[in-house]
Amino acid sequence: MTDININFFKNRRLNLAKDMEDNSVLLLNSSSTILRNNDTTFPFRQDSNFYYLTGFEEPDSIMLLMSSGESILFCREKNPDLEKWDGFMFGLEGAKQEFHFDKTFDIKLADELIPTLIQGLSNLYSLIGKDTLFDNKLISWMSKANSMERHQENINLKDFSNTLGMKRLIKSNEEIELMRKSCEIASNAHINVMKNAKLGMTEFDLESMYLNEFKKGGSRFPSYNPIVAGGKNACVLHYIDNNKTINDGDMVLVDAGCEYGLYASDITRTFPINGKYSSEQREIYNIVLEAHNKACQAIKVGASCLEPQIESETVLSQGLKDIGLLHGSLDEILEKKLFREFYYHKIGHWLGLDVHDDCPYSINGEDIKFQENMVMTIEPGIYINDSADVDERWKGIGIRLENDILATKLGYENLTQTVPSEPDAIEALMKS
Ligand code: GLY
Ligand code: MN
Ligand code: MN
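Residues numbered from 1 in each chain as written. Chains lettered and ligands numbered in written order. Predicted model: local features only at pLDDT ≥ 70, side-chain atom pairs only at ≥ 80, totals over all residues. Heavy atoms only, no water.

A. Local environment of the packing of helix 10 (residues 279-297) against helix 13 (residues 423-431). As a packed pair, helix 10 and helix 13 sit with axes 10 Å apart at the nearest point and diverge in direction by 115 degrees. Contact with helix 10, carried on its side by Arg282, Tyr285, Asn286 and Leu289, involves Pro423, Asp424, Ile426 and Glu427 of helix 13 and no other residues of that element. Tallied by class, residues from the contact of helix 10 with helix 13 come to four nonpolar, one polar and three charged. (Axes fitted to C-alpha atoms, helices over the stretch in contact; angles between N-to-C directions. Helix = DSSP H or I, 4+ residues; strand = E, 2+ residues; numbered from the N terminus. Contact = heavy atoms within 4.5 Å. Nonpolar A, V, L, I, M, F, W, Y, C, P; charged D, E, K, R; others polar.)

B. Region of the structure containing the coordination of the manganese ion (ligand 3). On the protein side, the manganese ion (ligand 3) has Asp255 (OD), Asp255 (OD), Asp266 (OD) and Glu402 (OE) as donor atoms, found 2.0 to 2.4 Å from it. With six donor atoms in place around the manganese ion (ligand 3) and angles of 57 to 171 degrees between them, the coordination shape is irregular. Donor residues binding the manganese ion (ligand 3) come from one chain and are separated in sequence as D-x10-D-x135-E. In this structure, the manganese ion (ligand 3) lies 3.2 Å away from the manganese ion (ligand 2), the two metals sharing Asp266 as a donor. In this pair, Asp266 is assigned in the loop between strand 12 (263-264) and strand 13 (267-272) and Glu402 in the loop between strand 18 (398-400) and strand 19 (403-408), connecting sequence segments 136 residues apart. Glu402 gets classed as buried once you look at its relative accessible area, which sits at 0%. (Donors = N, O, S within 2.8 Å, 3.2 Å for Na, K, Ca; no water. Tetrahedral: all angles 85-135°; square planar, octahedral: opposite > 155°, others 65-115°. Buried < 20%, exposed > 50% of the residue type's maximum accessible area, 1.4 Å probe, protein only.)

C. Looking closely at the coordination of the manganese ion (ligand 2). Taken together, Asp266 (OD), His349 (NE2), Glu379 (OE) and Glu402 (OE) make up the protein donors of the manganese ion (ligand 2), found 2.0 to 2.2 Å from the metal. Metal-centred angles of 50 to 155 degrees between the six donor atoms at the manganese ion (ligand 2) mark the site as irregular. Accessibility expressed as a relative area gives 4% for Asp266, which makes it buried. Look at Glu379 and you get buried, because its relative accessible area is 8%.

D. Region of interest: empty space enclosed by the protein. According to the stated counting rule, one finds one cavity of 30 Å³ or more in the structure shown. Estimated volume of the largest cavity: approximately 30 Å³. If you go around the largest cavity, the residues you meet are Asn49, Leu127, Lys130, Ser161, Leu164, Gly165 and Asp358. Sorting elements by how many residues they give to the lining of the largest cavity places helix 7 (residues 161-169) first, with three residues. (1 Å grid on protein atoms, 1.4 Å probe; cavity = no way out; pocket = protein on both sides within 12 Å on 5 of 7 lines; lining within 4 Å. Points joined across faces, edges and corners; volume = space filled by probe spheres on them.)

E. Looking closely at the sheet that holds strand 8 (residues 156-159). Taken in spatial order, the six strands line up as 6-5-4-1-7-8 in an open sheet, and their pairing is mixed. Each having just a single partner strand, strand 6 (103-106) and strand 8 make up the two edges of the open sheet. Strand-to-strand twist of the sheet, defined as the mean angle between neighbouring strand axes without regard to direction, takes the value 20 degrees. Note: strand 4 (residues 62-66) against strand 5 (residues 71-75), four bridges, orientation antiparallel. Bridging from a neighbouring strand, Leu64 pairs with Ile72 of strand 5. Its contacts with the sheet place helix 5 (residues 110-118) against strand 1 (24-29), strand 4, strand 5, strand 6 and strand 7 (123-126), and it is angled at close to 10 degrees to strand 4. (Pairing = 2+ DSSP bridges.)

Here is the structure:
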């Protein structure tokens, strides 16, 4: 689905070319079709960096962007027989016209033509280390190009990850509209499932309700495998079995977001399956909520993107100390990172075309500073495993609260704020 006007991608390429040194080229490859088992494939999802600069959603494609602004696409030739099986293909002429490339070539000719196209250039940029097969291809095309003319200078291979990542980090208005829609669909899903969740439902029941809500809202795919974790399963950060019963008195942690126009949303709520938090669950919840609120407030234009992390560590440590789960002074807890027993992930991540958006947090030892139109998740959590040396009544509690936060001129906007975050509001929603 391409909701962004194609000129937009062309303009992105032209703008990015200005960030390249003269006489250089950027090469990116598309995703490939991936087998699931035997001859059955996973649904195709275009590589986010490739999509960002092309809008083109076919596999087996390579983009060359010259520092002059010229852009070239290698893609599959139109094949009417294959189209009868796998559906429409743009082909060389279609891709050139519809996606505004200056030239297109058959992907089968890539090994033959790319060395000629890059011969004599000073720099070859790519996203080194993301795809070893493609890295090896780049090196073989470079060696071939270098060997074409004995007296010319060799091409330099340079990583473009930070430059492209910084572009992706600041969302345009068009991207923010897509992200708002993605967040709206996922928020409605959380609201509707919490309203309809009942004691007796399993993790699997809830998962199917979330997936159905995403589709009803207009999103075909979740932006990652949903986590639907009842009781102590919530302490397993990447729990995706989603197939157990949920006991009376247990909470369920649901981390589920969807994709719209390829943009991700990412929301977590932890709610009691019987509609009422116990006093221990509520105490832990309120610490997580305070950490969430303080971390959001740390999102300010000009502040380090690592500030929310520091805020969350301080609030969670103080809260865990106050209820007797951590001991010693706050300074000691923070210095020795004793909170990590109960808070063992980071406060959040950039969000965009990827749920963990492929953008830097620091460059050359300097933290990235918040700018207007960056989007970060804020998702503090406390997880009390059976192995913890604490009173039995705390064990098995796992709570995370996650919202998607847009940095604005004046501070921040919570794009997923329609889903209640406060325990009273969640209980009220479940009763409604
Ligand atoms: N759902 C993945 C994450 O929250 O980072
Ligand atoms: Mn997240
Ligand atoms: Mn999440």
